[in-house]
Amino acid sequence: MDKIVTLSDGESTAELQKYLSSLKNDQLIAVITNGALKGKKVGTMIKGIFKGSPPCSTEGSNRRLLVYQHCIPLCESGDLQTEVAADIIGLLMLETHTLSGPSLAQLASLFVEAIKVGKMGSGKSLELFPTVLTALSACEALSYGKGELSGEEYKKQLINSLCSSRLFYLLLFFFLCFPHFRDVPLSPEELRFVVEKVLRMFTKLDLQEIPPLVYQLLLLSAKGCKKQVLDGIISYFKESLDLEVQSIPQDQLRHVEGTAILHIVFAIRLDHELGREFLKSFKISYGDLCPFSVALLLSVARIQRYEEQVFDLLKVAIIKSFKDEQLQQGSKFLQDLLPGHCSVAQMILDTVRNSVFGWDHVTQGLVQLGFFLMDTFGPKNGPFGKTTEGSATIARTPTQQACKLGGQVLLQGFKVHEPIRGEILEQVLNRLVTKTASPVNHYLDLFSDIVVSAPMILLESSSKVTETFDHLSYLPLATVQGLLKAVQPLLKVSMSLKDALILVLRKAMFSSQLDGRKSAVTGFLLLLKNFKVLGSLASSQCSQAIQVDVHSRYNSAANEAFCLEILSSLRRCLGQQADVRLMLYEGFYDVLRRNSQLASSIMQTLSSQMKRYYEPEQDLLPPVKLEPCITALGDQVYLQEPLAHLVSCTVHCLLWLQNMRRSSNPNMGDSDDDEEEEEEEGYQSELQTILESMTRRMIKSELEDFELDKSAEFSMGSSVGVKNNIYAVLVMGVYEVLMEYNFITANYSKSCFEDLMELFNRYHKLSEILKEKSGKGRVPSNKTPRSLLSLGFISTLLSVLFRDSTQSRQEALSVLRSSGEFVRYAVNVAVQKIQQLEETGHTDGPDGHNTDRTFRFLCDMTSVLMWRYTNIPSVVEDAGKKEKRSSLSHLCLEGLLRIFTACQQRYPDKMAQLLSTMGNTCVLLKLQNQFSFDRQQRALFTQLSGGDEEFNSKEAQLLVSILSVLSRQLKPSSQQFDQMITWTVKICKETSFEDSAFSKGLLTLLFNLHVLYKSPVSLLLELCQDIHSQLGDIDQDVDVEKQSHFATVNTKTSTTAAVSLLVLSQVDRVLDEVDWLIARKKSQTVADKSGEATQTAGQQDPIEKAVTLQLGTLLTALNELVQTALLPGTCTITLLRELTRTYSILTTLVKYVRICPLYDRSMKAEFVKLISCDDFFSMSRFEKLTKLLRETKAIPNLIFSIEQYEKYLITLSKKSKVNLMQYMKLSTSRDFRINTATLDAALQEHDETQEVTEETQEPKQKKRKQ
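Residues numbered from 1 in each chain as written. Predicted model: local features only at pLDDT ≥ 70, side-chain atom pairs only at ≥ 80, totals over all residues. Heavy atoms only, no water.

If you check an unreviewed UniProt entry, the protein chain appears there as FA complementation group I from Dicentrarchus labrax.

Visitor: I would appreciate a short explanation of the overall build of the protein chain in the present structure.
Guide: For the protein chain, the count of helices and strands is 54 helices and four strands. Taking all 1266 residues of the protein chain together, 50% fall into the buried category. Taking all contacts inside the protein chain whose residues are at least 6 apart in sequence as the whole, residues at least 24 apart take part in 75%. In the structure as shown, the protein chain presents an accessible area of about 60100 Å², 50% of it carried by carbon and sulfur atoms. (Helix = DSSP H or I, 4+ residues; strand = E, 2+ residues; numbered from the N terminus. Buried < 20%, exposed > 50% of the residue type's maximum accessible area, 1.4 Å probe, protein only. Contact = heavy atoms within 4.5 Å. Areas by Shrake-Rupley, 256 points an atom, 1.4 Å probe, with all protein chains shown as cover.)

Visitor: When you look at the packing of helix α49 (residues 1102–1122) against helix α50 (residues 1130–1155) in this model, what are you seeing that I'm missing?
Guide: What describes two packed helices is the angle between their axes and the distance between those same axes. It is the contact of α49 with α50, at a shortest axis distance of 12 Å, that shows an interaxial angle of 150°. Here α49 lies roughly antiparallel to α50, going by the angle between them. You can see that α49 and α50 cross each other, and the crossing is left-handed. Contact residues: α49 offers Glu1104, Val1107, Leu1111, Leu1115, Leu1118, Leu1121 and Val1122, while α50 offers Leu1135, Leu1139, Thr1142, Leu1146, Leu1149 and Tyr1152. In terms of residue class, the contact of α49 with α50 is built from eleven nonpolar, one polar and one charged. (Axes fitted to C-alpha atoms, helices over the stretch in contact; angles between N-to-C directions. Parallel < 35°, antiparallel > 145°, perpendicular 65-115°, else oblique. Left-handed = near helix turned anticlockwise from the far one by under 90°. Nonpolar A, V, L, I, M, F, W, Y, C, P; charged D, E, K, R; others polar.)

Visitor: What's the story with a nonpolar patch on the surface in this structure? I'm lost.
Guide: A contiguous nonpolar surface patch, about 320 Å² in accessible area, is contributed by Tyr215, Phe266 and Leu270. Counting through the fold element by element, Phe266 comes out in helix α14 (residues 250–270). (Patch = residues over 30% accessible without salt bridge, like charges linked within 9 Å, V, L, I, M, F, W, Y side chains within 5 Å. Salt bridge = Lys/Arg side-chain N within 4 Å of Asp/Glu carboxyl O.)

Visitor: I tried to follow the packing of aromatic side chains on my own but got confused; where do I start?
Guide: Two measures describe an aromatic ring pair: the distance that separates the ring centres and the angle between the ring planes. In total, this model carries 15 aromatic pairs according to the counting rule given. Between Phe311 and Phe372 the ring centres are 5.7 Å apart and the planes differ by 35°, which places this aromatic pair in the tilted class. Of this pair, Phe311 sits in helix α17 (residues 304–329) while Phe372 sits in helix α20 (residues 360–377), and the two are 61 residues apart along the sequence. On the basis of relative accessibility, which here comes to 6%, the residue Phe311 falls in the buried class. Of the residues examined, Phe372 reaches a relative accessible area of 23% and is grouped as partly exposed. When the centroid spacing of 5.3 Å and the interplanar angle of 70° are considered together, the rings of Phe743 and Phe793 count as edge-to-face. Here the residue Phe743 occupies a position in helix α34 (residues 719–746), and Phe793 occupies one in helix α36 (residues 791–802), the gap between them amounting to 50 residues. Classification of Phe743 by relative accessible area gives buried; the value is 8%. Residue class for Phe793 comes out buried when judged on its relative accessible area of 7%. (Phe/Tyr/Trp six-rings, centres within 6.5 Å; stacked < 30°, edge-to-face > 60°.)

Visitor: Would you take a moment to explain the environment of Lys773 for this structure?
Guide: Structurally, the position occupied by Lys773 is in helix α35 (residues 750–773). Residues Lys773 and Phe714, 59 residues apart in the sequence, show an inter-C-alpha distance of 6.2 Å. With residues near it in sequence (within four places) discarded, Lys773 still touches Lys710, Ser711, Ala712 and Phe714.

Visitor: Help me understand the pairing of strand β4 (residues 636–639) in this model?
Guide: Where a strand is regular, its side chains alternate between the two sheet faces. The pairing of strand β3 (residues 630–633) with β4 spans four bridges and is classified as antiparallel. Its bridge partner being in β4, Thr631 is matched across the sheet by Tyr638. The hairpin turn running from β3 into β4, its antiparallel successor, is two residues long, and Gly634 in that turn takes a positive phi close to 70°. (Pairing = 2+ DSSP bridges.)

Visitor: What am I meant to see in the side chain of Ser819 here?
Guide: Topologically, Ser819 is positioned in the loop between α37 (810–817) and α38 (820–840). In this view, Ser819 contacts Met757 and Phe760; residues no more than four positions away in its chain are not counted.

Visitor: Explain the packing of α20 against helix α21 (residues 398–416) to me, please; I cannot follow it from the model alone.
Guide: Direction vectors running N to C along α20 and α21 enclose 150°, while the axes themselves pass 8 Å from each other. It follows from the interaxial angle that α20 and α21 lie roughly antiparallel. Two packed elements cross with a definite hand, and for α20 against α21 that hand is left-handed. Taken together, the residues of α21 that come into contact with α20 (itself represented by Leu366, Val367, Gly370, Phe371, Leu373, Met374 and Phe377) are Thr399, Ala402, Cys403, Leu405, Gly406, Gly407, Val409 and Leu410. Among the residues forming the contact of α20 with α21, the class breakdown is eleven nonpolar, four polar and no charged.

Visitor: I would appreciate a short explanation of helix α39 (residues 851–871) in the present structure.
Guide: Each α-helix turn comprises 3.6 residues. Residues three or four places apart therefore point the same way. The first and last C-alpha atoms of α39 sit 30 Å apart over 21 residues, in line with the 30 Å expected at 1.5 Å per residue. Where α39 begins, the side chain of Asn850 points an oxygen toward the backbone nitrogen of Asp852, at a separation of 3.3 Å. (Expected span 1.5 Å × (residues − 1). Polar contact = N/O pair within 3.5 Å; in protein donor to acceptor, adjacent residues only side chain to side chain.)

Visitor: Explain the pattern of salt bridges here, please?
Guide: Evaluated as defined, the whole model comprises 29 salt bridges. Between Arg898 and Glu894 there is a salt bridge, with its nearest N and O atoms 3.8 Å apart. Note that Arg898 and Glu894 are positioned in helix α40 (residues 879–906) at a spacing of four residues, about one turn of the helix. Through salt bridges with shared partners, one network takes in Lys529, Asp590, Arg593, Asp847 and Arg853.

Visitor: When you look at α14 in this model, what are you seeing that I'm missing?
Guide: Between the first and last C-alpha of α14 there are 31 Å, a value that for 21 residues agrees with the 30 Å anticipated at 1.5 Å per step. For α14, the full list of buried residues reads Leu253, Arg254, Val256, Glu257, Gly258, Ala260, Ile261, Ile264, Val265, Ala267 and Ile268.

Visitor: Teacher, can you tell me more about the environment of Leu708 here?
Guide: Within the secondary structure layout, Leu708 lies in the loop between α33 (671–700) and α34. C-alpha of Leu708 to C-alpha of Leu770: the two residues are 62 residues apart in sequence and 9.8 Å apart in space. What Leu708 contacts, discounting residues up to four positions off in sequence, is Leu703, Phe714, Asn724, Tyr727, Ala728, Val731 and Leu766.

Printed below as a string of structure tokens:
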């Protein structure tokens, strides 16, 4: 070795060459091995060997190859020091380009064989392999078998051989060689081949070996195949692991996914082309999304340049997913045609659950996504900036569902990720404070859920809640109510939070803003309801949604002092505006029910307030002072004291206390208890005396005593009229409250009921005057004021009026029943209360916010109204009463419809329970539902069988509306649904009433049911034929064949727009489905172009077949309408719009057929059959129709759509070599080309004519401009 080193240092290489030639191969190998093991001067020695082995000579070339062939296994043996092996490989890499082609081929084959048989132990020499392949690809010709190959082709053969080897060694090669493999120059085909091979290996790999391979693949993607690499990695985590997920520990799987996500995000940061390709792949179809890809998208969103794109992409995917789901749920046709829906929402929630396993890089994206969805899809202001009161319990529209999903993401994220809790809470509270101009119900719901799910965690961030309290007096009242209700559980466990709130509320009590003072009252009342004084009577009605209860931290004395302090603050409100007082009166009853120990203080407050407006002199009329109830500011008159609400609050509190004392049966206690009881009995008897005196004197009082009579002015345009209106509303309210009080205390006494009827007569008289006078002035008055009767009382009143058969009560009840006006008034008030419940989610009066009791009252009223409508026949009533009965029946039906609608919206889970109340004999739920429907159907049959003279259109419409609401409760697979649709079809086919509104309602019900049973196109065709038959042909000389599939479509109903427009709206719905199916197939075709086609030739896709069948039937139906003599106007314009849309969809279908990879015979046959459908496509069909509507804007749009369709059809004809235009009459071409020769000739002729004219005429004198 030393000699080689010495000779290489000399200037002459001849001696070195001579010495090396004298050594045998074995000796040379031994020298290299010894030098390498010792690690001394091995690099210098190898340099010397290369120096003395000129590559131009055969001997030198062979010696160089020998060095390579020996050094590579030597470095892999593991006997050498790392530095020595690295030096040797480095020297070999420098000299690789000097090797001859055959030597390079041998060397490359050596590597491949070593990899195949597993001799690459450490993989150190693999760094040399890419260099060898690079040099090899530069060779011009190499011998291969019996022929020759270029270096590039030889390299391809080697890579192919390598990728086709056995699994273990293949893995070994890729793991060890991949860091250097990307340096190999690969053609796009070779790269694609290698990537495919690696991706196929994923399923056979150990889970822990996936992340390194993902990393190397991403590095390799810098050369190309970016989409293939990304799709392969994502599809592996999406599909392959689904089969093995049972046997793999969840945490291990999630950690591997998390590492892979980090690698991909890192690669996208460095290679923006990779990022663009990644986002592009998801824009085609959200069907490619999975929990892994959602997590990946959210991680990529942390890169600023992609943030907006990612959230926009997710927004579109989410809303499209919800819309598609809604479309599929509403159509049996789509459900049968397509498999289960791919829910993006579920994937996102799965991503939240998976992120527990250390996915910190995903959590920030989840928070952003949650707030992005809530901000984008949250409730918006209605017309004129109005916000809807209360929030619907169920998210029905796609936007509501997307907003709800955002809330779920944030709530689940709050529960499982500690680091993001502070940020979520801060952002929620910030939005509650800043979004004062728009509804924040969704944020209030989220905050409430957070408090309920983790109250103790929230206490750690109590400072943020305290900061929010400082803004209470500036927030809208609805926001304050929601916020304080949500924060109640925290107040019970945090003294500091409670003290901070009370301080804020006290300041708000003296706010200059009315809303600030109302917020203070709201807060104080909520505190009184939720801080129970120990010793208060238990009440089953006091059920609260809040579960956290830790009263043990405060003793009863502290709570009582706290509550009394609040009450003293609230007493100050009794001198403020009417709105503030009103809130107080509406809240006292709930406070009393929750804290009966405060009864004395509350009742004394109410009693002293009532005495201000009560006339104590028993001989004076009226018994109330109305003058102090109003106040004037300049010319304006305002209500100062809502007297009727004050009396109502007093009455309900008094009745509840009496009832509780009666039922509690207190034992004889000590002297303190006796004193308390005496005090209570004192103010109770005093209030009873006042109320009895008021009843007696209100009956005696005439309207003149209140300065109200027929001659009084009630115009809202003058201060006198406003004052009289306020007086009238107050007096009517007092009458109502006294009616309720006297009914409850009467104990079915006939004389008391007679007094009640006297009160009602006074009320009714004033009400009639108010109705008569309202609207006569320049400014119309408001609607009828809300009734002050409580929902519970109305429920009881209806029951006793209609269904109470107790013998001892009949004489007294006959007093009430004999007045038809009173009975109708009771039902009217019930309808009014249910309407309020439907709109706001609660009613006025006691228990109005108690959902359980409200629902029980609804059940009672449902049973009573149903019984009243179905069990009292009209034949037993005389002609005079019949009109009243009809009106009452109508009211009963309206009440039932509103109950069912309100229940479906506010109590969707209790709908079956409500239906069961209508039939006591039914036990099973299905029988209960069917019993309800049977009753409705029998009632409708009775209604319909009376003939046209007795036909009551409004009642029939209400019945159909009720059936429509109830039919939503039936499962389409149930027997009851089949009975329902059979019954509806029978009614539509057999009944012929000339009432368009009723016919429209009935047909709407039919379509709503039919669409859940099967596609409605056949139904549409029959209806279009009926309309054509009834209205006649557009050409008066043509006789239309008389057809009548549905008796509902008759001469009267078809001439109105209702039925025709309904049919066209259903046509639009079918077109929606067809358009959606074509778009879905088109996106699938584009996505599958790179993959293998799964559909075999000769078999038509079921979706394609369904689309052509649907369009074929629909075109036949539209053909009928095109030839029908529809009345000019809305119907004809709508028809033209639908025709335009039909042609647009047909154009889309033609475009799809052009790109369809399997345009085979069956597809051709179906498509040709569709094109030839009833000669529909001839423009001559529209000639007479368009003559009628030349000025209509819809005509140009239709013509454009037809021309576009023809254009693409001609293109398809050329491609498919089938004459598809044989069924079309080409429309007039509007494009032209200027013929220059003709134009020049015309211009020349024009010039000559002009010259002749000038010569024959005398020249005119020209005027010069001065």
